[in-house]
Amino acid sequence: MPLPDQSLELGDTLKSYSCLTCRQRKVRCDRRTPCSNCIKAEKECSFIPPVRGKRKRTKPSREGLHAKLKRYEELLRSYGVKVEPSVDGEESESEVASQHDIEMKDAVEPRNSSLEIDEANPKLITKEGSSRYFDSAPWSKLGEEFQHPEVGDIGEPVAESNALESDIFFEPESNHKFENLTSLHPSFHILPKLREIYADRVDPWIKILHLPTFCAVLTDALRHPRDMPKSLEAAIFGFYFAAVSALSEDECQEVFGIQKAAMCSRYRAATRQALVNAGFLSTSSPMTLRAYSLFIMCVRKSYRVDTLFVLSGIAIRLARKMGLHRDGTSLGLSPFDTEMRRRLWWHLVHVDFRTADVLGTRPSMDLSSGDTKAPLNVQDEDLDPDMVDVPPERNGITSITLCLIQCETMETLRRFSTASPGDVRWEVLFSPDVSVAEKENVISQIEDHLERKFLRYCDPSDSLHTMASIMIRSSICKMKLFAHSRRQFASSTTQTSQRDRNIVFENATKLLEYIALLKGGHHGLEKYMWQIGTSYLWNTILYVLIETRHRKTGTEVDRSWRLIGAVLSYYPQVFEKSTRAVYTAVGKWILEVWDHYVAASKAEGLPEPSTPEYISAIRQCRRPETDVPPPNNTASDSTPATRDSLSYGNVSFQKYEPNLPEFAPFESYDFPDLLSFEMDPNEWDQWEQLVAKQEFAQFDGM
């Protein structure tokens, strides 16, 4: 054992740290008092404890293994997988709290110190009815008056240059040009009728206005129309435009004494001008965005779907700028503002989803980057701007139910999206990455959920309840049809099972029944038709024709022919010579399958089917006169659908007199045999592109 240093006197000890001089000179200190270095340099030796500053965290805290495992288990449960609960309860709070949890906590809880900066802390600035959301440094950390120099101030008046830039995104409106919109407000005695029409026919589809509050503001603003804010003026004209769009021709003549086309043209131009005046393209006002949303929904039958797709993309970007993709509870907003922002955001999500579906492309990826919850199932009367507590949800069907059904449908499709969480399309049901059994399980779950939440409360005497029931059942039918469709296996040699064929045929015919029911205007459903289009009709008819050809004969085949006739009675374009390629193709395939049906009946020794009137009408304009078979058949069936045969009200079939001029030129289409759709997926792609390219492709609200 070595002897202690003799130079250390008894009781003398070494310091645990270097002296201040040695630390400054960055030399080794022997830590005696005084140290040898200071003695040689004749310096004063002082031992001052070093103060270590707090180490700045350069990286976010990593998610612990237990937190990651818990998150994965929750994800599996969301897909219906049963996961045994973890028995390890020793994880620390730091391991459980993920970085996302920390960010959300920072967003909800205000900071005590204004000097503490967190790069993950978003900021929502509201001013004079406008809002702007920041989630990137440094602009999300500065005060409300500090913004990027290229960004205009929130709530500032609209400059003339802003109005001009907003005007470039609208197609020219040659019929109307308004310098002053004040004279276009309807008289006070017409307003109650417009409110009634809007509440009854528009509000269930477009639940973005709180009618009790809006109507009160509308009445007050009309007393001084020249002084109303530009954002409110745009919303008011959007309200007029929507109400007029939902009127029937007779109702428009009764209320305004003018044809509906003229009134729609007038208020379309007025709403456009009001949006330009409000500078919608650079707006931060949710009220202006509501007006813009109403405009998009009202022009869908007069604008091309390509244009609507671009316009909906603008709406999504404006909504993100206002922070609508973040739930109001994360931003510390009131229950009323939170709910109204949810309604607007999810409406825009559905508009983008439907326009993308018709166009055959993916919805905006911006839709997958938010955490906004679905709206509550409550009536407008349950909401108040001064409310403090969140109102309890109602059981059954309310005025927002149609919108909630749309949300439920989109969220269900999201569960099938394996490639990307934002890829919400009907086509995800074709994905081979999810087995048919898994698809059936998810569809069964959502069917049971919607049954418990809505369908069990349906009152058949209420038109809104009937519409909700049709929407739910149509969505479920479409999911089942897509999940079992041969289309997903078209490029493989796998044979389609008879069970899959039965499911496809059953659900496709049900969809046609719902279309005929809606078009027939039974149960008061005609008031919702202004938002019902044809986006899924043509694919459905194609599925029915393919399966009808496979079945050849039988009671179900006979019924399918009556059902096709009932649906086509509402689409006279199929019976015209000068028509678009979609109608031409459908007519050609109907004749093709009908001929196979007649031949199969003869081969089986059955009586030759009588030719329905609609088959004769299609044949007259789709085939040269020399190709029309001689009239050796039995008399034509002049009633292709009846109340008893289809289980709903009488469907009157009109006699069509097809246009006699020669075919007008249309886009080239190969008109393949129907069986090719089961062997070549490209045929489906080509067909859907053809449907999307119709001059005024329409999308429905279902």
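Numbers given to residues run from 1 along each chain, matching the order in which its sequence is written. Note on the predicted model: pLDDT of at least 70 is required for a residue's local features to be given, and 80 or more for side-chain atom pairs to be given and counted; whole-chain, interface and lining totals, by contrast, use all residues. Side-chain measures here rest on the full set of heavy atoms in the structure, leaving out hydrogens and waters.

Draft legend 1. Molecular detail of the environment of Pro 186. A run of H or I in DSSP counts as a helix once it spans at least four residues, and a run of E counts as a strand once it spans at least two, with each numbered from the N terminus. Among the secondary structure elements, Pro 186 is positioned in the loop between α6 (160-167) and α7 (191-202). Each residue is assigned to one of three classes by its accessible area relative to the maximum for its type, calculated with a 1.4 Å probe on protein chains only: buried under 20%, partly exposed between the two thresholds, exposed over 50%. Owing to a relative accessible area of 10%, Pro 186 belongs among the buried residues under this scheme. Sequence separation between Pro 186 and Leu 222 is 36 residues, and the spatial gap between their C-alpha atoms is 9.8 Å. Note on definitions: a residue-residue contact is assigned when non-hydrogen atoms from the two residues lie within 4.5 Å. Setting aside residues up to four positions removed in sequence, Pro 186 forms contacts with Leu 191, Leu 194, Tyr 240, Phe 256 and Tyr 267.

Draft legend 2. Region of the structure containing unusual backbone geometry. Cis rather than trans, the peptide bond between Thr 33 and Pro 34 has omega equal to -5 degrees. Assignment of secondary structure puts Pro 34 in the loop between α1 (20-25) and α2 (36-41). Even without being glycine, Glu 42 reaches a positive phi, approximately 55 degrees. Following the sequence through the fold, Glu 42 ends up in the loop between α2 and α3 (65-78). You can call Glu 42 exposed: its relative accessible area is 73%.

Draft legend 3. Inspection of the environment of Leu 517 at higher detail. Position of Leu 517 relative to the elements: it lies in helix α18 (residues 498-519). Linking Leu 517 and Val 567, residues 50 residues apart in sequence, is a C-alpha distance of 9.0 Å.

Draft legend 4. Seen up close, the UniProt feature "domain: Zn(2)-C6 fungal-type" (unreviewed entry) in the chain. UniProt positions are given in the numbering used here, feature names are shortened, and annotations may be inferred rather than shown by experiment. UniProt records the feature "domain: Zn(2)-C6 fungal-type" (unreviewed entry) for residues 18-47 in the present numbering. The straight-line gap between the two end C-alpha atoms of residues 18-47 is 7 Å; of that span, 40% is helix and 0% is strand.

Draft legend 5. Local environment of α7. Inspection of α7 places Leu 191, Leu 194, Ile 197, Tyr 198, Arg 201 and Val 202 among the buried residues, and these make up the whole buried set. Taken end-on, α7 shows its buried residues confined to a sector of 125 degrees, consistent with a single buried face. Here the buried face of α7 lies against α8 (211-221), α9 (230-245), α10 (249-256) and α12 (286-298). The directions from the helix axis to the C-beta atoms are what the arc is built from.

Draft legend 6. Main features of helix α21 (residues 581-603). For α21, with 23 residues, the first-to-last C-alpha span of 33 Å sits near the 33 Å given by 1.5 Å per residue. With 17 of its 23 residues buried, α21 lies for the most part within the structure. Gly 605 sits one or two residues past α21 and shows a positive phi near 75 degrees. In this scheme, a helix's expected span is set at 1.5 Å multiplied by one less than its residue total.

Draft legend 7. Expanded view of the pattern of salt bridges. A carboxyl oxygen of Asp or Glu within 4 Å of a side-chain nitrogen of Lys or Arg is what we treat as a salt bridge. Considering all chains together, one arrives at 26 salt bridges under this definition. Its salt-bridge partner being Asp 306, residue Arg 304 comes within 3.9 Å of it at the nearest N-O pair. Relative accessible area serves as the criterion here: at 37%, Arg 304 is assigned to the partly exposed category. With its nearest N and O atoms 3.2 Å apart, the salt bridge here joins Lys 588 to Glu 592. Here the residue Lys 588 and the residue Glu 592 both occupy positions in helix α21, the gap between them amounting to 4 residues, near one helical turn. A relative accessible area of 28% means that Lys 588 is categorised as partly exposed. The exposure class assigned to Glu 592 is buried, which follows from its relative accessible area of 13%.

Draft legend 8. Quick peek at the packing of helix α11 (residues 260-277) against α12. Axis definition: a line fitted to C-alpha atoms, limited for helices to the stretch in contact. Angles are taken between N-to-C directions and run from 0 to 180 degrees. Following both chains from N to C, one finds α11 and α12 inclined at 150 degrees, their axes separated by 10 Å at the closest point. Taken together, the axis directions place α11 and α12 in an arrangement best described as roughly antiparallel. Relative to α12, the crossing made by α11 is left-handed. Every residue of α12 that contacts α11 at Arg 268, Thr 271, Arg 272 and Leu 275 is listed here: Thr 288, Ala 291, Tyr 292 and Phe 295. Residues are grouped as follows: Ala, Val, Leu, Ile, Met, Phe, Trp, Tyr, Cys and Pro are nonpolar; Asp, Glu, Lys and Arg are charged; all remaining types, including Gly, are polar. Looking at the contact of α11 with α12 residue by residue, the classes come out as 4 nonpolar, 2 polar and 2 charged. Oblique is the label for any angle not under 35 degrees, not over 145, and not in the 65 to 115 range, which are roughly parallel, roughly antiparallel and roughly perpendicular in turn. Should the near helix be turned anticlockwise from the far one by less than a right angle, the crossing is termed left-handed; should it be turned clockwise, right-handed.

Draft legend 9. Summary view of the packing of aromatic side chains. The aromatic pairing rule takes the rings of Phe, Tyr and Trp, using the six-membered ring of Trp, and pairs them if the centres are within 6.5 Å, calling planes under 30 degrees apart stacked, those over 60 edge-to-face and the rest tilted. All chains considered together, the criterion is met by 16 aromatic pairs. Relative to Tyr 528, the ring of Trp 205 lies with its centre 6.3 Å away and its plane at 85 degrees, an arrangement referred to as edge-to-face. Of this pair, Trp 205 sits in the loop between α7 and α8 while Tyr 528 sits in the loop between α18 and α19 (537-551); the two residues are 323 residues apart in sequence, bridging distant segments of the chain. For Trp 205, a relative accessible area of 3% corresponds to the buried category. For the ring pair Phe 214 and Phe 239, a centre distance of 5.4 Å and an interplane angle of 50 degrees mean the geometry is tilted. On the criterion of sequence distance, the pair formed by Phe 214 in helix α8 and Phe 239 in helix α9 is long-range, its members being 25 residues apart.

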